[in-house]
Amino acid sequence: MNKIEKAYALAKEQYAALGVDTDAALRKLATVKISLHCWQGDDVRGFESGDGLTDGGILATGNYPGRARTAEELRADADKAFSFIPGKHRFNIHAIYLENGGKKVDRDEIEPKHFQGWIDWAKENKLGLDFNPTYFSHPLAASGLTLASPSKKVRDFWIEHGKRCRTIAAAMGRALGTPSVVNFWMPDGYKDIPADRLAPRKRMAESLDEIFSVEIPKRYELDAFECKLFGIGSESYVVGSHEFVMGYVMKNNKILTLDSGHFHPTEQIADKFSALSMYVDEFLLHVSRGVRWDSDHVVIWNDELRGIAEELVRNNLLERAHIGLDYFDATINRIAAWTIGTRAMLKALLAALLDPIKDLRRMEKEGDFTYRLALMEEMKSMPLCDVWNYYCQTKDVPIGRAWIDEMRKYEESVQSKRV
Ligand code: RNT
Ligand code: ZN
């Protein structure tokens, strides 16, 4: 037995005394796939020849050296991040990450062949792929309205984009044997007080109906729709508000995307899962971290993340929730950003799987709220880290902070050379 195994054996005993089976928790954890967002690797720029992120009310701040400039670089960086993360996961591509061989291919012209490089890479690495239409960083999005635009020409352009994205995702799903989730997020909104809140919503719903009128088998492709409270430049009104998106999703049997940075700061998406689970089949999570005005800081192991993991586990939602990450920090090493967020997410899930939930529920039912709070507090200092380290060892990834040294080596020999 090495040190890690010895520590695990002791931890296992302590959890067993509470009726918790650590081996079972680890088996369950191994089935969970996290979808890593490609856009953390290059500050949401993509590979169209444009200027990168130009509108849409989202912003990547910072100029840390070494961002990926090509699809090859982005894939190499993602490979590095995956080598620090226990388990097999997924990668989430935005439409602007096409490989167009230097030719201009507009958003209404993209085809599966422009994403063949991603499909080949995913196949080789046994990853699933997810997909996103890009309704921002484009002259036809500069007005702030896309699928909800009053201009038929603008709407038609973006409807075609949405249709093509679904076709591309279906090709990915077919090639990889796992459905590709397409997340529809449109930044549409107004900076100042609207005179008509309804008409843009009707236009957006009609545009979406048109996009979804093409039937695609669910074993290849799934549609999700993401709501938001406000963005930079859409402070007063967002067409895709929570109620609008929730209503559309329920009526049309789509997946509801909940981004943890898209609600009022005191509102936590974790609180919403149980209620929504009664009426919505599947969720897509954009796990993020809001800080004041920003909704996209690197995910860390904080109370909010713990809450998300706990509610997923306690409500039996791991099979019904697609867990994706969504943040973009350009002030730190981007491989580290992926690694920190994904490891935090998995660690939070592990903590939730190690909860003595039967005991807590029994005491709650009996009205013993003193015990409930006391045990919840005690659980926070249980030897979770010994179980986590053991998991990392069994999955052959660096233990504890060892990944940081590995990341530095790569940064020095590869990323820092990108000038
Ligand atoms: C923006 C949404 C959306 C984007 C990505 C890049 O507020 O969260 O999911 O972050 O599509
Ligand atoms: Zn999001």
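Residues numbered from 1 in each chain as written. Chains lettered and ligands numbered in written order. Predicted model: local features only at pLDDT ≥ 70, side-chain atom pairs only at ≥ 80, totals over all residues. Heavy atoms only, no water.

Draft legend 1. Structural context of the overall build of the protein. Looking only at helices and strands, the protein features 14 helices and twelve strands. Relative to a compact globule of 419 residues, whose C-alpha radius of gyration would be 22 Å, the protein shows 22 Å and is just as compact. In terms of overall dimensions, the protein has a C-alpha envelope of 65 × 55 × 40 Å along the principal axes. Buried residues in the protein amount to 54% of all 419 residues. Of the contacts formed within the protein by residues at least 6 apart in sequence, a portion of 80% connects residues at least 24 apart. For the protein, the exposed surface amounts to about 18,800 Å²; the carbon and sulfur share of it is 52%. Taking the 57 positively charged and 62 negatively charged side chains of the protein as two groups, their mean positions are separated by 2 Å. (Helix = DSSP H or I, 4+ residues; strand = E, 2+ residues; numbered from the N terminus. Rg over C-alpha atoms; globule rule 2.2 N^0.38 Å. Buried < 20%, exposed > 50% of the residue type's maximum accessible area, 1.4 Å probe, protein only. Contact = heavy atoms within 4.5 Å. Areas by Shrake-Rupley, 256 points an atom, 1.4 Å probe, with all protein chains shown as cover. Lys, Arg positive; Asp, Glu negative; His and termini not counted. Charge placed at Lys NZ, Arg CZ, Asp CG, Glu CD.)

Draft legend 2. View of helix α11 (residues 357-365). The complete set of buried residues in α11 reads D359, L360 and M363. Take α11 and look down its axis: the buried residues cluster within an arc of 100 degrees, on one side only. Seen from the open side of α11, the exposed residues pointing more than 90 degrees away from its buried face are K358 and K365. Where the residues of α11 are buried, they touch α9 (303-314) and α12 (369-379). One or two positions beyond α11, positive phi appears at G367, with a value near 85 degrees. (Arc of directions from axis to C-beta.)

Draft legend 3. How the structure looks around the packing of aromatic side chains. Summed over all chains, the structure comprises 20 aromatic pairs. Ring geometry for F47 against Y97: centres 5.3 Å apart, planes inclined by 80 degrees, an arrangement best described as edge-to-face. Highlighted residues: F47 in the loop between β1 (34-37) and α3 (71-82) and Y97 in the loop between β2 (90-94) and α4 (116-124), separated in sequence by 50 residues. You can call F47 buried: its relative accessible area is 13%. We classify Y97 as buried; its relative accessible area is 0%. (Phe/Tyr/Trp six-rings, centres within 6.5 Å; stacked < 30°, edge-to-face > 60°.)

Draft legend 4. Summary view of the pattern of salt bridges. Taken as a whole, this structure holds 24 salt bridges when the rule is applied. Taking the shortest distance from any N to any O, the salt bridge between E73 and R418 comes out at 3.5 Å. Residue E73 is found in helix α3, and its partner R418 is found in the segment after α14 (402-413); the two are separated by 345 residues along the sequence. Each member of the pair, E73 together with R418, is buried. With a closest N to O distance of 2.5 Å, K272 and E267 form a salt bridge. Its relative accessible area of 14% is what places K272 among the buried residues. On the accessibility criterion, E267 (31% relative accessible area) is partly exposed. (Salt bridge = Lys/Arg side-chain N within 4 Å of Asp/Glu carboxyl O.)

Draft legend 5. Representation of the site of ligand 1 in the model. If you check the shell around ligand 1, you find W39, I58, H94, W185, E226, K228, D259, H262, H286, D326 and F328 and nothing else. A distance of 2.7 Å separates an oxygen atom of ligand 1 from a polar side-chain atom of H94. In the model, an oxygen atom of ligand 1 is placed 2.7 Å from a nitrogen or oxygen of the K228 side chain. Contact with the protein chains hides 99% of the accessible area of ligand 1, taken as 310 Å² for the molecule alone. The site holding ligand 1 turns out to be the largest cavity. (Near = heavy atom within 4 Å. Polar contact = N/O pair within 3.5 Å; in protein donor to acceptor, adjacent residues only side chain to side chain. 1 Å grid on protein atoms, 1.4 Å probe; cavity = no way out; pocket = protein on both sides within 12 Å on 5 of 7 lines; lining within 4 Å. Sits in = over half its atoms within 2 Å of the grid points.)

Draft legend 6. Looking closely at the coordination of the zinc ion (ligand 2). Those donors, E226 (OE), D259 (OD), H286 (ND1) and D326 (OD), are the protein atoms that reach the zinc ion (ligand 2), and they lie 2.1 to 2.2 Å from it. Given six donor atoms and angles of 70 to 168 degrees at the metal, the environment of the zinc ion (ligand 2) is assigned as octahedral. The sequence pattern formed by the donor residues of the zinc ion (ligand 2) is E-x32-D-x26-H-x39-D. A residue pair is termed long-range when its members are at least 10 positions apart, and E226 in strand β6 (residues 221-226) and H286 in strand β9 (residues 283-287) qualify at 60 residues. (Donors = N, O, S within 2.8 Å, 3.2 Å for Na, K, Ca; no water. Tetrahedral: all angles 85-135°; square planar, octahedral: opposite > 155°, others 65-115°.)

Draft legend 7. Seen up close, the pairing of strand β8 (residues 255-259). Within β8, five of the five residues are buried, which leaves it mostly tucked inside the rest of the structure. Alternating residues of β8 divide into I255, T257 and D259 and L256 and L258, and every residue in both groups is buried. Across three bridges, the pairing between β6 and β8 is parallel. Bridged to F225 within β8 is L256. Here four bridges tie β8 to β9, and the two strands are oriented parallel to one another. Considered in β9, the bridge of D259 is made with H286. For the segment spanning β8, helix α8 (residues 270-277) and β9, crossover handedness is right-handed. (Pairing = 2+ DSSP bridges. Right-handed = clockwise from strand over helix to strand, strands pointing away.)

Draft legend 8. Structural context of the nonpolar core. The biggest cluster of nonpolar side chains holds 123 residues, and the ones touching the most others in it are F91, W118, F131, L208, F225, L312 and L349. Sorting elements by how many residues they give to this core places helix α10 (residues 334-353) first, with 13 residues. Core analysis: the next-biggest nonpolar cluster, separate from the first, contains five residues, V181, L222, A224 and I255 among them. (Core = buried A, V, L, I, M, F, W, Y, C linked by side-chain atoms within 4.5 Å.)

Draft legend 9. Spatial organisation of the side chain of S260. You can see S260 is positioned in the loop between β8 and α8. Within the structure, S260 has its side chain in polar contact with the backbone nitrogen of S288 (distance 2.7 Å). Apart from residues no more than four positions distant in its own chain, S260 is found in contact with I269, H286, V287, S288, R289, E304 and I308.

Draft legend 10. Here's a closer look at the state of the cysteines. Across all of its chains, the model carries zero disulfides by this definition. Its sulfur unpaired, C165 is 12 Å from the next cysteine sulfur, which belongs to C38. Left without a disulfide partner, C385 is nearest to the cysteine sulfur of C392, which lies 9.9 Å away. (Disulfide = S-S within 2.5 Å.)

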